[in-house]
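# Examining the three-dimensional arrangement
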Amino acid sequence: MQRFIFLEILDPEIHALLNGLKKEFGGKPAVTNIHITVRGPYNSSIPRESIEKFEQTLREVPLLIHSAGMFEHTKEYLVYLKIESQNLMKIWWKPDFPVEEYGFNPHIPLYKGNDKRLANCIYDFLKEENIELLCRDFKLTSYVSKQRDFFPDDSRPKEKHFLQLANRKLVRTDILQRAYNVVRKCKAQHVNNQLNEMQ
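Cut-off values and rules
Residues numbered from 1 in each chain as written. Predicted model: local features only at pLDDT ≥ 70, side-chain atom pairs only at ≥ 80, totals over all residues. Heavy atoms only, no water. Helix = DSSP H or I, 4+ residues; strand = E, 2+ residues; numbered from the N terminus. Buried < 20%, exposed > 50% of the residue type's maximum accessible area, 1.4 Å probe, protein only. Core = buried A, V, L, I, M, F, W, Y, C linked by side-chain atoms within 4.5 Å. Contact = heavy atoms within 4.5 Å. Phe/Tyr/Trp six-rings, centres within 6.5 Å; stacked < 30°, edge-to-face > 60°. Lys NZ or Arg CZ within 6 Å of the ring centre and 35° of its normal. Pairing = 2+ DSSP bridges. Axes fitted to C-alpha atoms, helices over the stretch in contact; angles between N-to-C directions. Salt bridge = Lys/Arg side-chain N within 4 Å of Asp/Glu carboxyl O.

Excluding glycine, a negative phi dihedral is what most residues carry, and trans is how most peptide bonds are arranged. In this chain, Gly40 is followed by Pro41 through a cis amide linkage whose omega measures 15°. Mapped onto the secondary structure, Pro41 falls in strand 2 (residues 35-42). Notably, Thr74 is not glycine yet its phi reads approximately 45°, a positive angle. Of note, Thr74 is situated in the loop between strand 3 (63-73) and strand 4 (76-84). For Thr74, a relative accessible area of 62% gives the class exposed.

Let us look at the nonpolar core. With 46 residues, the main nonpolar core has Leu7, Leu21, Phe25, Ile65 and Leu126 as its most contacted residues. When near neighbours in sequence (up to four residues on either side) are disregarded, Ile65 contacts Ile9, Ile14, Leu18, Leu81, Lys82, Ile83, Ile108, Ile131, Glu132, Leu133 and Cys135.

With that settled, the discussion passes to the packing of aromatic side chains. Inspection of the entire model under this criterion finds six aromatic pairs. For the pair Phe25 and Phe125, a centre-to-centre distance of 6.1 Å together with 80° between the ring planes defines the contact as edge-to-face. Pair noted here: Phe25 is in helix 1 (residues 12-26) and Phe125 is in helix 5 (residues 116-129), with a separation of 100 residues, a long-range link. Assessed through its relative accessible area of 8%, Phe125 is described here as buried. Above the ring of Phe138, the side-chain terminus of Arg59 is found at 4.4 Å from the ring centroid.

Here we come to the sheet that holds strand 6 (residues 132-135). Ordered in space as 5-4-3-6, the four strands form an open sheet in which the pairing is antiparallel. Because the sheet does not close on itself, it has two edges, and the strands there are strand 5 (107-113) and strand 6. Taking each pair of neighbouring strands and ignoring which way they run, the sheet shows an average axis angle of 30°. Along the sheet, helix 1 makes contact with strand 3, strand 4, strand 5 and strand 6, crossing strand 5 at roughly 15°.

Let us now look at the pattern of salt bridges. Side chains that differ in charge, positive against negative, can pair when their charged atoms come close. For the structure on display, the rule yields six salt bridges. The residue Arg172 makes a salt bridge to Asp174 at a minimum N-O spacing of 3.8 Å. The class for Arg172 is partly exposed, based on a relative accessible area of 48%. For Asp174, a relative accessible area of 31% gives the class partly exposed. When salt bridges with common partners are traced through the structure, they connect Glu129, Arg172, Asp174 and Arg178 into a single cluster.

That's the geometry; what it means functionally is another story.
As structure tokens, this is what we get:
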């Protein structure tokens, strides 16, 4: 079994916002913490001391979640928000995706699918929203492939809202409703275009 180190977002309001957007864009909420893989795969267990050392390096500065991006990979489109920290590169190690070949682009996927039109609508929506969030509440976690209980200590954020983010004017309170409307409108336009082509 292969092992990885995940960077989990634990801020409950950021988690609620990103999980809500994933749900509106993809139709299903994330069943795990919002996370990215920062190291791995390892073929043997990862010492807790190593994880703590990597986490200490990261904790020197907060994470910045911002800037929509999109790419195509194996006929699927992925729309994401970038996750940035000046220290993230210091701990990054993904031998299956070497930086020299794939570049360095840590990101949180919010849509993954084969609908290019929908991916573009979501990308345009996120660009317009111009989301910029500082996150200080995160942790590094060891994950084993085929692990049944993804986050066994149930440290998942419990908030279902992001009122503080809205109060600080970092996001608009109706962002999830507008995300839903964008997806609905995009799909309706696609159906109308198909009907027009058939006539």
